[in-house]
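# Notes for the structure review
Given next are the chains, with one letter for each unit.
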Amino acid sequence: MTCMTIGVDADYSFSGDREPKNFQKLSGEQRSVVQMVQGQISDSDDFDRMRDATANLNDVFIADGLLGQTAIINSEFSIVVERDVSLGASGLKVDSMSESATSMQLQGVFVGCDVIALDGKTPELVYLLELPMATKEFKFRTAVAAVDSAVLMIDSEVEGMGESLELLSKVKSEVVARNLRAMGELREITDEVDADYLKEMSLLAIEILAQPEVAKSKTLRDAVTEIFSGLIDGAVRYAFEGFGVERVERKDGSVALAVNQIEAAGYVHAITTVEDFKYIPATEGSEASAEARETFQPAFVFMNGDEPVVVPIQYITLFYVDRLSEEDASCTSFRTKFLEEYPNVFNPRIMRIWKMMKYAVRNYFQKDEGGV
């Protein structure tokens, strides 16, 4: 990598610089394993193996540090189980239990997944969330939501976007408000971070950065780059292609912008803003060139040894996880590793005829069947 862009904004901004808490959905890799286990459960008639697979799924959550974290469940149908308890000579005792259905957003502590027959017959993979205890009545409360109809978000300090979005939302500009909404909608409908997605996000960000209040404020420019830090994993190696420019001084003392092609792989060290430029494609008889603009654009900072290489995000033409070098970042390899670690889960040759489940949510908690 040999490209250094013009006009790099003073300090780099990456997710580690500011870490306010922010609820985030499960990663693509985590959702991939959840969907795989969910599909296998729906195809299985062996309840013991369903529970084994769910326990293995929870091992993934434990390894990723998700269990025990504050979380939110959004679902059109969740069941909240309330257990009245009292303290006796032998410890806590459940005196009574009740369930209620709700479509409200619920916040509590994520304790993992399990398999429960919500209709008393068909086993389903569910999220379990321990809600705040009702201290006056001394009631324990647990939320249960089927995975296929719920969205789980974990309170994470990884991305730090909440503070940045709050800062930008205070800018009195219709362009900023409109583009922030558009960026949020793009995030919601996009499962894979590729060159096309990054370009769309970058073009929206460039319009925000061009607004006078944002352009004059380093704090607000950093807030824009913080949005991109939520799209990138600093521990993942990416392969990419694109181009940038650098200033070249001519013999007559004038300065030109030279276009450099880039094709490499590396880790995103940071995210910054640089001077924007207009790219002029090559034509017959002339090389590609660029014209400097007075506004800013977001850029990734890759490391080439000890040398930072700055690459404008809008001019990245190919971007993907470098699976050959960093298999852990690949959803495919994640599934493969999961199945390699638990090879006997859902082996069709050794599946037994499953007997109809004799308990629903109430019996599940009364018999303390949870906590796989």
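Here the structure is a predicted model, which means the values were calculated and not measured.

What follows concerns helix α2 (residues 47-63). Within an α-helix, residues lying three or four positions from one another point in the same direction, as the helix has 3.6 residues per turn. Counted at 1.5 Å a residue, the expected span for α2 with its 17 residues is 24 Å, and the 25 Å between its end C-alpha atoms agrees. Looking at α2, one finds that the buried residues are Phe47, Arg49, Met50, Arg51, Ala53, Thr54, Asn56, Leu57, Asn58, Val60 and Phe61. N-capping of α2 is provided by Asp46, with a side-chain oxygen placed 3.1 Å from the backbone N of Asp48.

For the rest of this paragraph, the subject is the side chain of Ser78. In this fold, Ser78 is placed in strand β3 (residues 78-88). According to the relative accessible area criterion, Ser78 is buried, its value standing at 1%. The residues contacting Ser78, other than those within four sequence positions of it, are Ile73, Ser100, Ala101, Thr102, Leu106, Val144 and Ala145.

Right, let's talk about the confidence of the model for the protein chain for a bit. For the protein chain, the mean per-residue pLDDT works out to 75, and 69% of the residues sit at or above 70. Looking over the protein chain, one finds the lowest element-wise mean pLDDT in helix α9 (residues 361-366), namely 57, and the highest in helix α5 (residues 195-209), namely 94. Taken as a whole, residues 324-330 scores under 50 in pLDDT and shows 16 contacts with residues more than four places along the chain or in a different chain. This stretch, residues 345-360, has a pLDDT under 50; its non-local contacts, to residues over four places away or in other chains, come to 39 contacts.

Helix packing geometry: the angle between the two helix axes and the distance between the axes. Where α5 contacts helix α7 (residues 218-229), the two axes come as close as 11 Å, and the packing angle between them is 170°. With respect to α7, the axis of α5 lies roughly antiparallel. Contacts from Leu198, Met201, Ser202, Ala205, Ile208 and Leu209 in α5 reach Arg221, Val224, Ile227 and Phe228 in α7.

Evaluated as defined, the whole model comprises six salt bridges. Here Glu188 makes a salt bridge to Lys25, at a shortest N to O gap of 2.8 Å. With a gap of 163 residues between them, Glu188 in helix α4 (residues 174-189) and Lys25 in strand β1 (residues 22-25) connect regions that are remote in the sequence. Across the pair Arg49 and Asp46 runs a salt bridge whose closest N-O atoms are separated by 3.9 Å. Take Arg49 and Asp46: they sit in the same class, and that class is buried.

Attention now goes to the environment of Ala195. Summarising the element assignment, Ala195 is placed in helix α5. With 119 residues separating them along the chain, Ala195 and Gln314 place their C-alpha atoms 8.4 Å apart. Contact partners of Ala195, with chain neighbours within four places excluded, come to Ile316, Thr317, Leu318 and Phe319.

Turning our attention to the nonpolar core. Counting residues in hydrophobic clusters, the biggest one holds 38 residues, and the most contacted among them are Phe300 and Phe319. Broken down by secondary-structure element, the contributors of at least two residues to this core are α4, α5, α7, β9 (237-249), β10 (255-280), β11 (289-304), β12 (307-312) and β13 (316-321). Looking at this core, the element that brings in the most residues is α5, giving eight residues. Listed in part, the 29 residues of the second largest apolar core include Val34, Phe61, Ala150 and Ile154.

The subject of this paragraph is the packing of aromatic side chains. Scanning all chains against the criterion turns up seven aromatic pairs. Here the aromatic rings of Tyr238 and Phe319 are separated by 4.7 Å at their centres, their planes lie at 20°, and the arrangement is stacked. Of this pair, Tyr238 sits in strand β9 while Phe319 sits in strand β13, and the two are 81 residues apart along the sequence. Tyr238 gets classed as buried once you look at its relative accessible area, which sits at 7%. Accessibility expressed as a relative area gives 3% for Phe319, which makes it buried. An angle of 90° between the planes, with centres 6.2 Å apart, marks the rings of Phe300 and Phe302 as edge-to-face. Neither Phe300 nor Phe302 differs from the other in exposure class; each is buried. Joined through ring pairs, the aromatic side chains of Tyr238, Phe240, Phe300, Phe302 and Phe319 make up one cluster.

Calculation notes
Residues numbered from 1 in each chain as written. Predicted model: local features only at pLDDT ≥ 70, side-chain atom pairs only at ≥ 80, totals over all residues. Heavy atoms only, no water. Helix = DSSP H or I, 4+ residues; strand = E, 2+ residues; numbered from the N terminus. Expected span 1.5 Å × (residues − 1). Buried < 20%, exposed > 50% of the residue type's maximum accessible area, 1.4 Å probe, protein only. Polar contact = N/O pair within 3.5 Å; in protein donor to acceptor, adjacent residues only side chain to side chain. Contact = heavy atoms within 4.5 Å. pLDDT = per-residue confidence, 0-100. Axes fitted to C-alpha atoms, helices over the stretch in contact; angles between N-to-C directions. Parallel < 35°, antiparallel > 145°, perpendicular 65-115°, else oblique. Salt bridge = Lys/Arg side-chain N within 4 Å of Asp/Glu carboxyl O. Core = buried A, V, L, I, M, F, W, Y, C linked by side-chain atoms within 4.5 Å. Phe/Tyr/Trp six-rings, centres within 6.5 Å; stacked < 30°, edge-to-face > 60°.

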